[in-house]
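# Summary of structural features
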Amino acid sequence: MGEVVTGQASELAFTKAELPQISDRACGARRARWLRRPAVGFRFGIRYRRKRMASMLDGCTPWPEVFVDRYWAVGHWRGNTLDSLLRDWALQYGPRTALVQGDIRITYAALNRRVDRMAAGFRLRGLRPGQRVVVQLPNVPDFVVTVFALMRVGAVPVLCPVSCRTPEVSHLVRIAESVGYVGPSTYQGFDHTAMVADIAAQGPFLRRAFTLEAPDASSPYGGLSTDPSGCHYFLLASVDAPPERAPVQRADQVAFFLFSGGTTAAPKLVPRTHNDYAYQARAAAELVSLTEHDVYLAALPAESNFTFGCPGIIGTLSAGGTVVLVESPEPTACLPVIWRERVTITSLVPAVAQRWIDELSSIQADLRSIRLVQIDGTTLPRATAERIGPEWGCRLQQVFGMAEGLLTLTRPTDPDETVLSTQGRPLSPDDEIRIVDVDGKDMPDGEPGELLARGPYTARGYYRAPEHNARSFTAEGFFRTGNLARRTPDGNLVVTGRLH
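As a starting point, this report considers the structure included with it. (Residues numbered from 1 in each chain as written. Predicted model: local features only at pLDDT ≥ 70, side-chain atom pairs only at ≥ 80, totals over all residues. Heavy atoms only, no water.)

This part covers the packing of aromatic side chains. Any aromatic ring pair is given by two values, namely how distant the centres are and how the planes are angled relative to each other. For the structure on display, the rule yields 16 aromatic pairs. Both rings, one in Trp 63 and one in Trp 77, keep their centres 5.0 Å apart while their planes meet at 75 degrees; by these two values the pair is edge-to-face. Taken together, the residues span a long stretch of sequence, with Trp 63 in the loop between helix H3 (52–55) and helix H4 (65–73) and Trp 77 in the loop between H4 and helix H5 (82–93) at a distance of 14 residues. A single burial state applies to Trp 63 and to Trp 77, both of which are buried. Counting every residue linked through ring pairs, the aromatic cluster contains Trp 63, Phe 67, Tyr 71 and Trp 77. The cationic tip of Arg 165 hangs over the ring face of Phe 190; the distance from NZ or CZ to the ring centre is 3.9 Å. (Phe/Tyr/Trp six-rings, centres within 6.5 Å; stacked < 30°, edge-to-face > 60°. Helix = DSSP H or I, 4+ residues; strand = E, 2+ residues; numbered from the N terminus. Buried < 20%, exposed > 50% of the residue type's maximum accessible area, 1.4 Å probe, protein only. Lys NZ or Arg CZ within 6 Å of the ring centre and 35° of its normal.)

In structure tokens, the structure reads:
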């Protein structure tokens, strides 16, 4: 028998190999309560991370052990993988509606079953733990099912905007050495399958493509076939098999990669672990008081950090709420859905919020169900911010977030002036913020400088990017955000733009 990890004598005792799987069953709630005890969680955290250096993918930068111990001791990290949390949510909220798109409605229990069967189908088609798979899907239920199914296999999804084309996708495939791709056959006039065939012909990595087909669509490689380079093509709908026992995984492993890229530089990959992302989504959900009665509208791209976990899709599912997916953020697509589904919370960018304001009167949708609108607000004009509350009848929350992890938000109880003029305070009490000048010296409150951050959900480095890491992270592990900001006397941040 392996090394036994226990709490007090009256508690359950488990081997280390068994612990990651316990939440698959009804004892998951007992395990979670046990791990949340600060002393137990701290002791388990110390032992759980002994093999951390070996468990993270080569090319990732781990948190130093002193920080790992701290984040375990205070209960931020709890040792749950995201796919095991989904099993817990299915047990707790089984018949409730988890996902909605148009006429499609999927309960928590059905979502977990679909994830189980797709995971088994991926294993049957050769995907193995640790392999990377590019996921480039629009805001459809298959996105959520696919990401969780890959995590359940132990594979690592590489989340890619559906708008990316061959230069960006081929770069991600090359950097991540991705063996698989999941995406639409064609989408909005672009042939993704032809793009994949071209990328597969350029290198040795991409050898499996799973295509999401429209009901009336066809593709030269849309069925069970192989292209001239040896890449095998499968219909995503065919990736289905009887569920099998999932492989043992660790919460300090990389759960998925987020896309980070500007308009000119090549995209970078941000490794997000189960521990850090589960904490981020849970803390954000608690901050906005999400409950099982909330309905979240995923209007922005689902693969973005803002939509996926701030609290977004993951945070809403953690609370037992409903996620409504739409493929376009345009007001004609979203406003009628808000009315029909009684949406209570959504997240937007300033340009989209302005379009909703401009077209609300012509669409004549009832938005009274909305209680909170999050705006990624570094460029939110004051005039637009002032109109949202009175015209939509809801609370505004300004947010500043990055794929690398830092998340600041105004609080629901903040004064109006704070909400209208700042991006709030860091999500976590263990977020460490510095504002520095060009020489790296800390600036006093009120003075602008570059925003630096480190914390329990902020990555310590990009994946396989040592040159970028040398420029973007300090020797002490602070992430250089590249944003100019100043701190108000009451501790709120005002993000004013990018460094030139």
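Neighbouring strands of a sheet are bound in pairs by backbone hydrogen bonds; such pairs are parallel or else antiparallel. The strand order across the open sheet formed by nine strands is E4-E3-E16-E15-E17-E18-E19-E20-E21, and the pairing between neighbours is mixed. A single partner strand is all that each edge strand has here, and the edge strands are strand E4 (104–107) and strand E21 (425–426). Relative to E21, strand E20 (residues 407–409) is paired through two bridges, and the arrangement is antiparallel. Looking at the pairing, Thr 408 lines up with Pro 426 of E21. Where helix H14 (residues 350–363) meets the sheet, its contacts fall on strand E15 (295–298), strand E17 (345–348) and strand E18 (372–376), and the angle it forms with E17 comes to roughly 120 degrees. (Pairing = 2+ DSSP bridges. Contact = heavy atoms within 4.5 Å. Axes fitted to C-alpha atoms, helices over the stretch in contact; angles between N-to-C directions.)

Moving on, we come to the environment of Thr 226. Here Thr 226 is to be found in strand E11 (residues 225–226). When its relative accessible area of 43% is taken as the criterion, Thr 226 is described as partly exposed. Along the sequence, Thr 226 and Arg 207 sit 19 residues apart, while their C-alpha atoms lie 9.1 Å from each other. When neighbours within four sequence positions are excluded, Thr 226 is seen to be in contact with Cys 231 and His 232.

Where burial is concerned, most of strand E23 (residues 449–454) is hidden: six out of the six residues are buried. Pairing geometry for strand E22 (residues 432–436) and E23, over five bridges, is antiparallel. Its bridge partner being in E23, Glu 432 is matched across the sheet by Arg 454. For E23 and strand E24 (residues 479–487), the ladder comprises four bridges, and the chain directions are antiparallel.

What follows deals with the nonpolar core. Soluble, globular proteins show a tendency: their nonpolar side chains are buried together. Within the largest apolar cluster, 124 residues are counted, with the highest numbers of intra-cluster contacts made by Leu 82, Phe 122, Phe 148, Leu 297, Ile 313, Trp 356 and Trp 392. Counting residues per element, this core draws most heavily on helix H7 (residues 141–153), at nine residues. Non-local contacts of Phe 148, meaning those with residues more than four positions away in its chain, are made with Leu 82, Asp 83, Leu 86, Trp 89, Val 115, Ile 314 and Leu 317. Counting 26 residues, the second largest nonpolar core, distinct from the first, contains Val 169, Ala 176, Ala 209 and Val 254. (Core = buried A, V, L, I, M, F, W, Y, C linked by side-chain atoms within 4.5 Å.)

Attention shifts here to the side chain of Ser 472. Within the secondary structure layout, Ser 472 lies in helix H17 (residues 466–472). We classify Ser 472 as buried; its relative accessible area is 15%. Ignoring anything within four residues of it in the chain, the contact list for Ser 472 reads Tyr 462, Phe 478, Phe 479 and Arg 480.

All right, on to helix H9 (residues 192–202) then. Structural remark: α-helix, 3.6 residues per turn; residues separated by three or four positions point the same way. Buried within H9 we find His 192, Thr 193, Met 195, Val 196, Ala 197, Ile 199 and Ala 200. Those residues of H9 that are buried are in contact with helix H8 (166–176), strand E7 (180–184), strand E8 (186–187), strand E9 (190–191), strand E10 (208–212) and strand E12 (232–235). The distance from a side-chain oxygen at the start of H9 to the backbone nitrogen of Thr 193 is 3.1 Å, and the residue carrying that oxygen is Asp 191. (Polar contact = N/O pair within 3.5 Å; in protein donor to acceptor, adjacent residues only side chain to side chain.)

Bringing helix H15 (residues 382–392) into the picture now. Of the positions making up H15, those classed as buried are Thr 384, Ala 385, Ile 388 and Trp 392. In an axial view of H15, the angular spread of the buried residues amounts to 100 degrees, which keeps them on one side of the axis. With respect to the buried face of H15, the exposed residues turned more than 90 degrees away are Ala 383 and Pro 390. Contact partners of the buried residues in H15: E17, H14, E18, strand E19 (395–401) and helix H16 (416–421). (Arc of directions from axis to C-beta.)

This part takes up unusual backbone geometry. What you tend to see is this: most non-glycine residues have negative phi, and most peptide bonds are trans. Cis geometry is adopted by the peptide bond preceding Pro 311, which originates at Cys 310 and carries an omega value of 0 degrees. On the secondary structure map, Pro 311 appears in the loop between helix H11 (305–309) and helix H12 (312–318). Residue Glu 177 is not a glycine yet carries a positive backbone phi of 50 degrees. Residue position: Glu 177 is located in the loop between H8 and E7. The phi angle at Gln 188 is positive, at roughly 50 degrees, despite the residue not being glycine. When you line up the elements, Gln 188 lands in the loop between E8 and E9. Given the relative accessible area of 68%, Gln 188 is considered exposed.

Working definition: the covalent bond between the sulfur atoms of two cysteines is a disulfide. Following the criterion strictly, the structure yields zero disulfides and no others. You can see Cys 164 has no disulfide; the closest cysteine sulfur is in Cys 160, sitting 4.0 Å from it. (Disulfide = S-S within 2.5 Å.)

Right, let's talk about the sheet that holds E24 for a bit. The four strands are arranged E22-E23-E24-E25 in an open sheet whose pairing can be described as antiparallel. Strands at the two margins of the open sheet, each flanked by one partner only, are E22 and strand E25 (493–498). Averaged over all neighbouring strand pairs, the angle between strand axes comes to 45 degrees, with direction disregarded. With five bridges connecting them, E24 and E25 associate as antiparallel partners. Counterpart to Arg 486 in the pairing with E25 is Val 494.

In short, shape yes, function no, at least from these values alone.
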